[in-house]
Amino acid sequence: MYVGAALAVWIFDVATPAGVAWLRCLGAALILLLWRRPGRPAWRGRALLLAGTFGVVTAGMNVLFYEAIARLPLGTVVAIEFAGPVLVAALGSRGARDFAAVAAVTLGVVLIADVQWAGSPSGVAFALGAAAAWAGYIVLGSRVALAGNGVDGLAVGFVVATVVLSPLALGTTTVWGRPDLLAFAVGVALLSTVVPYVLDQVVLRRLGQARFALLLALLPVTAAVIGFVVLGQVPTLVEALGILAVMVGVALRSGAGTRTRRMSRGREDRRASDDLPGPES
């Protein structure tokens, strides 16, 4: 995902960040359509509404994310983004571990934002907007996965998003005359959308949200490493501490979710054993 984001940064010199995000959406829609070829049911009724809403929210998240990384280091933006999913996940919890997770993420975001606010307040604002959209992506993505639409829903969603956000194509004029840049755009779509979002659909169905969130804790580190290796972006000490605090918060919240799920499974197992017929029957 973040190798694709690094490629996108290189296109920002000739296209707007929002325009590059639209190209990514268009490329993903074309790749997924050629691969999946969704049937008629995927284009009707509730399935179309759910997939279309998911696609527009996801594409909007990518637009905000690209506007943010055009102004701030990649690892910094990803760490700020985590405020959304973790805080939303903690809303339904009341345990001490959950509050500690929220406190850690909040501290991390404050540390990072305090460093970056003076240099680019708009970058921080875009990153926080992407955080809110990421929360929507997780909620809607889970519904798409559980509805059984899966990758077909992704294909339909990105087609809808490409049409809805088509005015952003005005920022891509230069790219269409450059085959090399078009190839970069296709690479961004493949690396940052098709591969990770298809895998998300698989993971959300098989591992559940708690383990999914634990794996997401790796993303700030991955983004920071890619930003350093590919783009030469070196985080300051305070930024590094902020990224670490976000990782701790995500890990705490994930651990709480895993523990809750195990306790729930234990209660279900006990109820099942109580329902078994005894020797006297």
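A quick note: this is a predicted structure, and the numbers were derived from the prediction, not measured. (Residues numbered from 1 in each chain as written. Predicted model: local features only at pLDDT ≥ 70, side-chain atom pairs only at ≥ 80, totals over all residues. Heavy atoms only, no water.)

**Regarding the pattern of salt bridges**
- Per the counting criterion, the structure on display carries three salt bridges.
- The salt bridge partner of glutamate 67 is arginine 71, with a shortest N-O separation of 2.8 Å.
- For arginine 71, a relative accessible area of 36% translates into the label partly exposed.
- One salt bridge connects arginine 178 with aspartate 180, and the closest N-O pair in it is separated by 3.0 Å.
- For arginine 178, a relative accessible area of 34% puts it in the partly exposed group.
- For aspartate 180, a relative accessible area of 37% gives the class partly exposed. (Salt bridge = Lys/Arg side-chain N within 4 Å of Asp/Glu carboxyl O. Buried < 20%, exposed > 50% of the residue type's maximum accessible area, 1.4 Å probe, protein only.)

**Considering helix H9 (residues 179-206)**
- With 28 residues, H9 should cover 40 Å at 1.5 Å per step; its first-to-last C-alpha distance of 39 Å lies within 8% of that length.
- The sharpest bend along H9 reaches about 30° and sits at leucine 190. (Helix = DSSP H or I, 4+ residues; strand = E, 2+ residues; numbered from the N terminus. Expected span 1.5 Å × (residues − 1). Bend = angle between axes of the 7 residues up to and from the residue.)

**As for the side chain of threonine 162**
- Within the fold, threonine 162 resides in helix H8 (residues 150-164).
- Side-chain polar atoms of threonine 162 contact the backbone oxygen of phenylalanine 158, separated by 2.6 Å.
- Residue contacts for threonine 162: discarding those within four places in its chain leaves Trp22, Cys25, Leu26 and Ala29. (Polar contact = N/O pair within 3.5 Å; in protein donor to acceptor, adjacent residues only side chain to side chain. Contact = heavy atoms within 4.5 Å.)

**What about the packing of helix H4 (residues 74-81) against helix H11 (residues 219-231)?**
- Contact geometry of H4 with H11 gives a least axis separation of 7 Å together with a crossing angle of 165°. Comparing their axes, H11 and H4 come out roughly antiparallel. Here H4 runs over H11; the crossing is right-handed. On H11, the residues touching Leu74, Gly75 and Val78 of H4 are Leu219, Pro220, Ala223, Ala224, Ile226 and Gly227.
- Of the residues that constitute the contact of H4 with H11, the class distribution is seven nonpolar, two polar and no charged. (Axes fitted to C-alpha atoms, helices over the stretch in contact; angles between N-to-C directions. Parallel < 35°, antiparallel > 145°, perpendicular 65-115°, else oblique. Left-handed = near helix turned anticlockwise from the far one by under 90°. Nonpolar A, V, L, I, M, F, W, Y, C, P; charged D, E, K, R; others polar.)

**Points about the side chain of threonine 193**
- Locating threonine 193 in the fold gives a position in helix H9.
- Apart from the residues lying within four places of it in its own chain, the contact partners of threonine 193 are Arg24, Ala28, Asn62, Phe158, Val188 and Val198.

**A few points about the packing of aromatic side chains**
- If you walk through the whole model with that rule in mind, you get seven aromatic pairs.
- Both rings, one in phenylalanine 54 and one in tyrosine 137, keep their centres 5.4 Å apart while their planes meet at 25°; by these two values the pair is stacked. Here phenylalanine 54, found in helix H3 (residues 45-69), pairs with tyrosine 137, found in helix H7 (residues 121-146); they are 83 residues apart in sequence, far enough to count as distant.
- Relative to tyrosine 66, the ring of phenylalanine 65 lies with its centre 5.9 Å away and its plane at 45°, an arrangement referred to as tilted. Each member of the pair phenylalanine 65 and tyrosine 66 is classed as buried.
- Above the face of the tryptophan 35 ring, arginine 36 is positioned so that its terminal group lies 5.3 Å from the ring centre. (Phe/Tyr/Trp six-rings, centres within 6.5 Å; stacked < 30°, edge-to-face > 60°. Lys NZ or Arg CZ within 6 Å of the ring centre and 35° of its normal.)

**Considerations on the nonpolar core**
- Within the largest apolar cluster, 68 residues are counted, with the highest numbers of intra-cluster contacts made by Tyr2, Phe65, Tyr66 and Leu74.
- A per-element tally of this core places helix H2 (residues 17-36) first, with 10 residues.
- Among residues more than four places away in sequence, those in contact with tyrosine 2 are Phe65, Leu74, Val78, Leu219, Thr222, Ala223 and Ile226. (Core = buried A, V, L, I, M, F, W, Y, C linked by side-chain atoms within 4.5 Å.)

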